[in-house]
Amino acid sequence: MTAAAARFDRPEPDDFSRPYWDAAARGQLLLRRCHACGRAHHYPREFCPYCWSEDVVWEPAGGDATLYTWSVVHRNDLPPFGARVPYVAAVVDLAEGPRMMTEIVGCEESALAVGMALRVGFRQEEGEEAVAVFHPGDC
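What you see is a predicted model, and the numbers here were worked out from it, not measured in a lab.

Chemist: How should the sheet that holds strand β2 (residues 40-41) be read in this particular structure?
Modeler: Each strand in a sheet pairs with another by means of backbone hydrogen bonds, the pair being arranged parallel or else antiparallel. The strand order across the open sheet built from three strands is β2-β1-β3, with neighbouring strands paired in antiparallel fashion. Single-partner strands in this sheet number two, and they are β2 and β3 (56-60). Note: strand β1 (residues 30-34) against β2, two bridges, orientation antiparallel. Bridged to Arg32 within β2 is His41.

See the structure below:
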């Protein structure tokens, strides 16, 4: 019996992050918002990265974003990324304020532009967690 190849794209949900992954499976992006300072943040943490308050709650994000920066990845030897190249790794500004690392799908590299409108979508392979990706807002 041959061991399965290691995968480097699988999230490792825990009790804290489970609401995030469950929402993603339903096609919804969640953020954390601090009641003390009012700021939203992503990636989800149990405390506010701005004021260190632990008075933070889950809230749904609207799903709109703008493109901040990107890079086209032409080579990645870690499974399963090699089968996906080229792909667009990006940072987007969510409408709620936080920046998020993601992947841009459904858009040619030549059409990308800083500030372009994007909309969240989710990629989910059978038996895997759904992962947020973004596509042009007019799709």
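Chemist: Can you walk me through unusual backbone geometry in this structure?
Modeler: The phi torsion of most residues other than glycine is negative, and most of the peptide bonds are trans. Between His42 and Tyr43 the backbone carries a cis peptide bond, its omega angle lying at 15°. Inspection of the secondary structure puts Tyr43 in the loop between β2 and β3. Backbone geometry places Trp52, a non-glycine residue, at a positive phi of 70°.

Chemist: How should I be thinking about helix α1 (residues 18-25) in this particular structure?
Modeler: Every α-helix winds through 3.6 residues per turn, so residues three or four apart in the chain are directed the same way. Residues of α1 that are buried include every one of Tyr20, Trp21, Ala23 and Ala24, and no others. One side of α1 holds all its buried residues, which, seen down the axis, span an arc of 160°. Looking at the packing, one finds that the buried side of α1 touches β1, β3, β6 (99-104) and β7 (117-123). Note on α1: the residue one or two positions beyond its end, Gly27, has a positive phi of about 80°.

Chemist: For this particular structure, what's the right way to read a negative patch on the surface?
Modeler: Taken together, the side chains of Asp14, Asp15, Glu46 and Glu54 make up a negatively charged region of the molecular surface. Examined against the element boundaries, Glu46 turns out to sit in the loop between β2 and β3.

Chemist: Would you take a moment to explain the packing of aromatic side chains for this structure?
Modeler: How two aromatic rings sit relative to each other is set out by the distance from centre to centre and by the angle between their planes. Across all of its chains, the model carries four aromatic pairs by this definition. Each ring, one from Phe81 and one from Tyr87, has its centre 6.0 Å from the other, and the planes form 35°; the classification is tilted. The exposure class of Phe81 is buried, given its relative accessible area of 17%. Look at Tyr87 and you get buried, because its relative accessible area is 13%. Positioned over the ring face of Tyr50 is Arg39, at 3.5 Å from the centre of the ring. A cation over an aromatic ring shows up here: Arg99 above the ring of Tyr68, its NZ or CZ 3.4 Å from the ring centre.

Chemist: What am I meant to see in the nonpolar core here?
Modeler: Grouped burial of nonpolar side chains is what soluble globular proteins tend to show. The biggest cluster of nonpolar side chains holds 24 residues, and the ones touching the most others in it are Leu29, Val92, Ile104 and Phe134. Once you skip the residues sitting within four places of it in the chain, Ile104 turns out to touch Leu67, Val88, Ala90, Val92, Leu112, Leu118 and Phe134.

Chemist: Explain the pairing of strand β8 (residues 131-136) to me, please; I cannot follow it from the model alone.
Modeler: Each regular strand shows side chains that alternate between the opposite faces of the sheet. When you tally the buried positions in β8, you get five out of six residues, the bulk of the element. Examined bridge by bridge, β7 and β8 share six bridges and lie antiparallel to one another. Within β8, the position partnered with Arg119 by the bridge is His135.

Chemist: Would you explain the state of the cysteines in this entry?
Modeler: Applying the stated criterion across every chain yields a total of zero disulfides. Free of any disulfide, Cys37 has its nearest cysteine sulfur in Cys48, 3.7 Å distant. The partly exposed category is assigned to Cys37, whose relative accessible area is 35%.

Rules used throughout
- Residues numbered from 1 in each chain as written.
- Predicted model: local features only at pLDDT ≥ 70, side-chain atom pairs only at ≥ 80, totals over all residues.
- Heavy atoms only, no water.
- Pairing = 2+ DSSP bridges.
- Helix = DSSP H or I, 4+ residues; strand = E, 2+ residues; numbered from the N terminus.
- Buried < 20%, exposed > 50% of the residue type's maximum accessible area, 1.4 Å probe, protein only.
- Arc of directions from axis to C-beta.
- Contact = heavy atoms within 4.5 Å.
- Patch = residues over 30% accessible without salt bridge, like charges linked within 9 Å, V, L, I, M, F, W, Y side chains within 5 Å.
- Areas by Shrake-Rupley, 256 points an atom, 1.4 Å probe, with all protein chains shown as cover.
- Salt bridge = Lys/Arg side-chain N within 4 Å of Asp/Glu carboxyl O.
- Lys, Arg positive; Asp, Glu negative; His and termini not counted.
- Charge placed at Lys NZ, Arg CZ, Asp CG, Glu CD.
- Phe/Tyr/Trp six-rings, centres within 6.5 Å; stacked < 30°, edge-to-face > 60°.
- Lys NZ or Arg CZ within 6 Å of the ring centre and 35° of its normal.
- Core = buried A, V, L, I, M, F, W, Y, C linked by side-chain atoms within 4.5 Å.
- Disulfide = S-S within 2.5 Å.

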